[in-house]
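# Per-entry structural report
Residue-level listing of the chains:
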Amino acid sequence: FVLSVGVKWINRSSRCSQNGRCSGAAMGPLIVVNFKTYATAQGEAAISLAKAMAEVDATTNATMVAVVSAFDLSAIKAAAPNLEVWTQHLDPIDWGSNTGWLHPQTAMERGATGSIINHAEHKVNLDHVEKLLAQLPNDFPVCACAADIDEAKSLAALSPTFIAVEPPELIGGDISVTTADPGIVSGTADAVKAVNPNVRVLCGAGVKNGDDVARAIELGTEGVLLASGVTKAKNPLSVLRNLISQI
């Protein structure tokens, strides 16, 4: 099939999970940057950061992914049309009386090419994830976040495109999960593949540099999810270049 999102995902060979959700077999490592609600990654600042990510993305086999506020989707996709731009949350709702909720179709129409779900700062239940996956197109990547191996296994049974393991106590810290708790990274990779070998595993929490990315891949993941290491950096472009320096 042909995936209707960023150029690195187009015309790729596919591998499909048990529910038909597909991910790229030949796709390189992912560097997923969550903009959260940092002042340095909203509005015009978000556009500048996305442009920096697009600049680095064009130089590497890795794929940069900007996970942005729903308010900034359209502007960022317009400013960086070849960049993967994901939304930070979606709700499995129909049209109608759903004040304050985020409809998947609206996000896609505003430029979202994927989404994270169940982040430690915005937890949902498994039923929410299952209904959301059923509502979305199979070629729309979804990264479900997990706090530990058990939650990762439960999510893997639902067949999202990716699972990112992030121990909550390390999020936003100065020590990468790859150093502080490498066992949860390798253990999650093994556990997820045992449940569903087509789900791709990422890790996050405290990731800051190319050494952390290289170690994450050594531990069995296919990329990283990070935020403050980029969004709070004095020179985000330099940090982004460093993140891919050992790939």
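Before reading further, recall that the structure is shown in the block above.
Keep in mind that what you see is a predicted model, and the values were worked out from it rather than measured. (Residues numbered from 1 in each chain as written. Predicted model: local features only at pLDDT ≥ 70, side-chain atom pairs only at ≥ 80, totals over all residues. Heavy atoms only, no water.)

### Focus on the nonpolar core
Counting residues in hydrophobic clusters, the biggest one holds 61 residues, and the most contacted among them are Ile 31, Phe 35 and Leu 240. Here this core gets 7 residues from one element, more than from any other, and that element is helix H1 (residues 43-57). The residues contacting Leu 240, other than those within four sequence positions of it, are Val 33, Leu 49, Ala 52, Met 53, Val 56, Met 64 and Val 230. With 12 residues, the next largest nonpolar core counts Val 65, Cys 143, Cys 145 and Phe 162 among its residues. (Core = buried A, V, L, I, M, F, W, Y, C linked by side-chain atoms within 4.5 Å. Buried < 20%, exposed > 50% of the residue type's maximum accessible area, 1.4 Å probe, protein only. Helix = DSSP H or I, 4+ residues; strand = E, 2+ residues; numbered from the N terminus. Contact = heavy atoms within 4.5 Å.)

### Topic: the environment of Ile 247
Here Ile 247 shows up in the segment after helix H10 (236-243). Its relative accessible area of 43% is what places Ile 247 among the partly exposed residues.

### Quick word on the side chain of Lys 77
Locating Lys 77 in the fold gives a position in helix H2 (residues 73-79). Here Lys 77 occupies a buried position and makes no salt bridge, while the nearest side chain of opposite charge, Glu 84, is found at 5.6 Å. Among the polar contacts listed, one links the side chain of Lys 77 to the backbone oxygen of Pro 81, at a separation of 3.2 Å. A polar side-chain atom of Lys 77 sits 2.7 Å from the main-chain carbonyl oxygen of Leu 83. Look past the residues within four positions of Lys 77 in its chain and what remains in contact with it is Leu 83, Val 85, Gly 111 and Thr 113. (Lys, Arg positive; Asp, Glu negative; His and termini not counted. Salt bridge = Lys/Arg side-chain N within 4 Å of Asp/Glu carboxyl O. Polar contact = N/O pair within 3.5 Å; in protein donor to acceptor, adjacent residues only side chain to side chain.)

### Quick word on H1
The first and last C-alpha atoms of H1 sit 21 Å apart over 15 residues, in line with the 21 Å expected at 1.5 Å per residue. Residues Ala 46, Ile 47, Leu 49, Ala 50, Ala 52, Met 53, Val 56 and Asp 57 constitute the buried set of H1. (Expected span 1.5 Å × (residues − 1).)

### Some details on unusual backbone geometry
Positive phi is not limited to glycine here, since Ser 159 has a value of about 65°. Secondary-structure assignment places Ser 159 in the loop between helix H5 (149-156) and strand E8 (162-165). In this structure, Ala 205 takes a positive phi of about 105° despite not being glycine.

### Regarding the sheet that holds strand E3 (residues 30-34)
Strand order in the closed barrel made by the 8 strands is E3-E4-E5-E6-E7-E8-E9-E10, with parallel pairing throughout. Across the sheet, the mean angle from the axis of one strand to that of its neighbour is 25°, orientation sign disregarded. Pairing analysis gives 2 bridges linking strand E5 (residues 84-87) to strand E6 (residues 114-117), with the strands arranged parallel. Among the inter-strand pairings, Thr 87 is bridged to a residue of E6, identified as Ser 115. (Pairing = 2+ DSSP bridges. Axes fitted to C-alpha atoms, helices over the stretch in contact; angles between N-to-C directions.)

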